Protein chains: 2
Amino acid sequence: MNELVQTELKKIFNGRFSTSESTRANYARGEDTYEPVLSQAVVFPETNEEVSKILKLCNENKIPVVPFGTGTSLEGNAVGNSNGITISLEKMNKVLSVNAEDFDCRVQANVTRKQLNEYLREDGVFFPIDPGADAAIGGMASTSASGTMAVKYGTMRTVISGLTVVLANGEIIKTGSRTKKSSAGYNLTNLFIGSEGTLGIITEVQVRLSPIPESIMSAVCYFPDLDSAVQTAQEVIQYGIPIARIEMLNKDQMEISIKYSKLENIKASPTLFFEFHGSESSNKEAIKLVEELSKNNGGGDFKWAVSLEERNKLWQARHDVYWSVKALGNNMKVYSTDVCVPISNLVECISWAEKEVKKHDLIAPMVGHVGDGNFHSIILFDPNDKEKQKKIRKYSDDLISKALELEGTITGEHGIGLQKKHYLLKEHPDNIPVMKSIKRSLDENNIMNPGKVFDLN
Amino acid sequence: MNELVQTELKKIFNGRFSTSESTRANYARGEDTYEPVLSQAVVFPETNEEVSKILKLCNENKIPVVPFGTGTSLEGNAVGNSNGITISLEKMNKVLSVNAEDFDCRVQANVTRKQLNEYLREDGVFFPIDPGADAAIGGMASTSASGTMAVKYGTMRTVISGLTVVLANGEIIKTGSRTKKSSAGYNLTNLFIGSEGTLGIITEVQVRLSPIPESIMSAVCYFPDLDSAVQTAQEVIQYGIPIARIEMLNKDQMEISIKYSKLENIKASPTLFFEFHGSESSNKEAIKLVEELSKNNGGGDFKWAVSLEERNKLWQARHDVYWSVKALGNNMKVYSTDVCVPISNLVECISWAEKEVKKHDLIAPMVGHVGDGNFHSIILFDPNDKEKQKKIRKYSDDLISKALELEGTITGEHGIGLQKKHYLLKEHPDNIPVMKSIKRSLDENNIMNPGKVFDLN
């Protein structure tokens, strides 16, 4: 970075601009398996205008920028750039407005999902996208995140109706609107969602909220084997039964979670976690149907989590899966696969994956947002064990091929980052030239998170 | 069009290439109020490869192309180009595949919504987007259409998971996938949806279907005045009551519809048409709540349309609104406004609109997809009465300003076409440079439906 830029940024941001090694190291990657890459500086803007100033300056001087949220991304989406600057959005963490009567609100990019739900507690509405981590809503927009409630509430694409984005040239634009629908020109909102900071920096998000359901009921159900659990999930979806969450944990993962999360009276078998949101009577109706389908597939009795506390414990255990695996060893890393297939191909894909994991002798328990056809193998590995890493790479490659053969996608919700660029070439070889054209047209100096999603040259 | 191109297209398409005046006149505009503009020829491709050949040839020779579906668009989206060729997609009308167990199917662009639902009849699933007209699914994608069922099922953006698009240079690309979600790179699917043929021609659409509900119940309810009807709709949404359709017709429109559609035992008052999709018990639960809200606002008893025949008659009357107004006079034209506002601002916007219509002495009954905050004034006018047209323009301009002031959008579902280009400048002045950059990057010779959505230069 040239000295003039550095001086200028220091002048504008003062204590909110840092070149110290410890700060740079804190923003050098997300929850991915990459070696940290330290950017030359980290800057902490507070307003759209400040982000605009940074980008204008960086664009004029061709300095790469990496936007950084809560650092919970998994595919290297936020790994630093040794020639560039990391822009931490953590000071842009305000809820800007709430319109409970329209079920919407506008937040700055780094408001996290839990922070927003805490803020909304009195309003009878909530933000329904739950990727597990307490991620920033701007970051979740950037990777097109989803999680456990997508089966009912959709993904970030579903709930976002508008954005404020700062472009490479410093222009600040406001896309979308507060209305439920619009046909007013190109859908720029959805172009920026999932673009992982390569087209612009999302600084504000307009999100649709949902009414807090009158009744919420959670249950777990054990199955004799994985296939019958997944088959049940598939049937629940195919029968169109209204359900808010339907999560699978395989036997290995259940064993790990029971220990890590100190779950009591829970069996280490392939398991489905269910949650129903609705009126009490509609929930009861749905539950009856789901219980029947479970029984037909050999599932046991439903174990209910009735109180809010029990329910939270259950879902916390589900959300702690990543950490529960990581805790299995010191100095170990964790990599999560993320394929998603049409629901009718899910049983085939998951059972294929479980066999492959055994074949390669991996520690790789499985969890799945099975109502969406999306599942993860949470692979534990020693970063010094090169042989094992070869096996993991082989498993990952084969899983991608299998998913594509089953008309699936290489990533349901984690995005591309650095990790999946070569897989994106497999899934959408014909789309990439179009993506590149768009990238070039909006970021002619290739300063926006370069090297992520695809290599431009 | 130069002669070489004409000779080449004749050679390839033979009888499916026409320069006859009558054919050209048939494809010179949609259901808009523009004077017909005859393109120099009309061509009728049957395959993606044929569309590709046309575009390659036109691109090399800088000949504008206008894609044409069923011609039901309302804003001049499909008006011909006197220097160009119109590409009718009417021979691309095949259902390519149906996966009822995954609730999805793939269709060629000119399969219409009724044709698809007829095709799906035995499969227990249906295509839920219903804009009234029996429009082509490709055309509905191009304008980001929605209609009466968006309140439950969303818009074209919600239900489309992938597209085949032929680009200006003739490249054929397949966007999206069959999965319920994906984070694999830029969301090109949603970029092409709503781009009105200015970025490429949509030739195939992958759509999500919905299970046919166990129970469907329709009712009408009269109100003493428009405000109380709209207020009721607003409350139904704000209480989060599950409803599939909630349509408003004002008194003027009811009078016209009763005559045109020969509705019996129906009163000419401001009216809501409701439809509930669900299980019998969940429908009954929802109906109870809606009846209560209606009563509180002075609404009368619900009049039920129980049989399929009665229900169809009711919704046919709703769908015939456009024709019912058109039938009021010979040689008259009809223009429909299309603003959409946040639901909490709907009462204010609609009552403002009704007063303005009276003030300007317009024949302009109103209907609304009020659950989405979207409504139409269906304005009848004599194309020779220039004074009246000035008033209509004034009303339309003022309505747009009012909607924007109420944080609304200039178009809920009809798109921009030629008609709303200057309004788009009002709603999204800061977005237009980005739209133009993208347009230039994908269509360097500006051959794709030029002059629609925005003027490039």
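None of the values given here were measured: they were computed from a predicted structure. (Residues numbered from 1 in each chain as written. Chains lettered and ligands numbered in written order. Predicted model: local features only at pLDDT ≥ 70, side-chain atom pairs only at ≥ 80, totals over all residues. Heavy atoms only, no water.)

Caption draft 1: Summary view of the overall build of chain A. Secondary structure summary: chain A contains 17 helices and 18 strands in total. Along the first, second and third principal axes, the C-alpha atoms of chain A reach 70 × 55 × 40 Å. For chain A, restricting intrachain contacts to residue pairs at least 6 apart in sequence, the fraction spanning at least 24 positions comes to 73%. When the accessible surface of chain A is split by element, carbon and sulfur atoms take 47% of a total near 16800 Å². Here chain A carries 52 positive and 59 negative side-chain charges, and the mean point of each set is 3 Å from the other. (Helix = DSSP H or I, 4+ residues; strand = E, 2+ residues; numbered from the N terminus. Contact = heavy atoms within 4.5 Å. Areas by Shrake-Rupley, 256 points an atom, 1.4 Å probe, with all protein chains shown as cover. Lys, Arg positive; Asp, Glu negative; His and termini not counted. Charge placed at Lys NZ, Arg CZ, Asp CG, Glu CD.)

Caption draft 2: Spatial organisation of the nonpolar core. If you look at the biggest cluster of nonpolar residues, it comprises 181 residues, and the most contacted ones within it are Leu116, Phe127 and Met156 of chain A together with Leu116, Phe127 and Met156 of chain B. With seven residues, helix α14 (residues 346-359) of chain B is the single largest residue contributor to this core. (Core = buried A, V, L, I, M, F, W, Y, C linked by side-chain atoms within 4.5 Å. Buried < 20%, exposed > 50% of the residue type's maximum accessible area, 1.4 Å probe, protein only.)

Caption draft 3: Region of interest: the sheet that holds strand β12 (residues 215-222) of chain B. Residue and element names in this part refer to chain B. One open sheet accounts for seven strands, arranged β15-β12-β14-β13-β17-β18-β16; its pairing is antiparallel. Among the strands making up the open sheet, the edge pair consists of β15 (303-305) and β16 (333-336). Neighbour-to-neighbour, the strand axes of the sheet open up by a mean angle of 20°, direction not taken into account. In terms of strand pairing, strand β17 (residues 366-369) meets strand β18 (residues 374-381) through four bridges, oriented antiparallel. Note on β18: the bridge partner recorded for Met366 is Ser377. Across the sheet, α14 lies against β13 (245-249), β17 and β18, angled at about 10° from β18, the strand it touches most. (Pairing = 2+ DSSP bridges. Axes fitted to C-alpha atoms, helices over the stretch in contact; angles between N-to-C directions.)

Caption draft 4: Region of interest: the packing of helix α14 (residues 346-359) of chain A against helix α15 (residues 386-405) of chain A. All names here are of chain A. Running from amino to carboxyl end, α14 crosses α15 at an angle of 165°, the nearest separation of the two axes being 11 Å. Accordingly, the angle class assigned to the pair α14 and α15 is roughly antiparallel. Note that α14 runs across α15; the crossing there is right-handed. Contacts between α14 and α15 pair Glu348, Cys349, Trp352, Ala353, Glu356 and Val357 from the former with Tyr395, Asp398, Leu399 and Lys402 from the latter. Its residues assigned to classes, the contact of α14 with α15 comprises six nonpolar, no polar and four charged. (Parallel < 35°, antiparallel > 145°, perpendicular 65-115°, else oblique. Left-handed = near helix turned anticlockwise from the far one by under 90°. Nonpolar A, V, L, I, M, F, W, Y, C, P; charged D, E, K, R; others polar.)

Caption draft 5: Examining the domain arrangement of chain A more closely. Residues and elements named next belong to chain A. Looking at chain A, the domain boundaries give domain 1 (3-90), domain 2 (95-211), domain 3 (215-317) and domain 4 (324-415). Averaged C-alpha coordinates put domain 2 and domain 3 at centres separated by 29 Å. Summed over both partners, the interface of domain 2 with domain 3 comes to about 630 Å²; 54% of that surface belongs to carbon and sulfur atoms. Its largest share of buried area at the contact with domain 3, domain 2 owes to Thr148, Val151 and Lys152, together 65% of the area lost on that side. At the surface where domain 2 touches domain 3, the tally comes to one salt bridge. Between Arg245 and Asp130 there is a salt bridge, with its nearest N and O atoms 2.6 Å apart. Our count for the contact surface shared by domain 2 and domain 3 stands at three residue pairs in polar contact (both at pLDDT 80 or more). For the side of domain 2 that touches domain 3, a count of residues per class yields three nonpolar, one polar and two charged. (Domains from an automatic or database assignment. Buried area = accessible area lost by both parts, 1.4 Å probe. Salt bridge = Lys/Arg side-chain N within 4 Å of Asp/Glu carboxyl O. Polar contact = N/O pair within 3.5 Å; in protein donor to acceptor, adjacent residues only side chain to side chain.)

Caption draft 6: Molecular detail of the UniProt feature "domain: FAD-binding PCMH-type" (unreviewed entry) in chain A. As annotated in UniProt, the feature "domain: FAD-binding PCMH-type" (unreviewed entry) corresponds to residues 34-212 of chain A in the numbering used here. With 23% helix and 26% strand, residues 34-212 of chain A has its two end C-alpha atoms placed 39 Å apart. (UniProt positions renumbered as here; feature names shortened; annotations may be inferred.)

Caption draft 7: Spatial organisation of the environment of Glu255 of chain A. Relative to the elements of secondary structure, Glu255 of chain A occurs in helix α10 (residues 251-260). Along the sequence, Glu255 of chain A and Leu96 of chain A sit 159 residues apart, while their C-alpha atoms lie 43 Å from each other.

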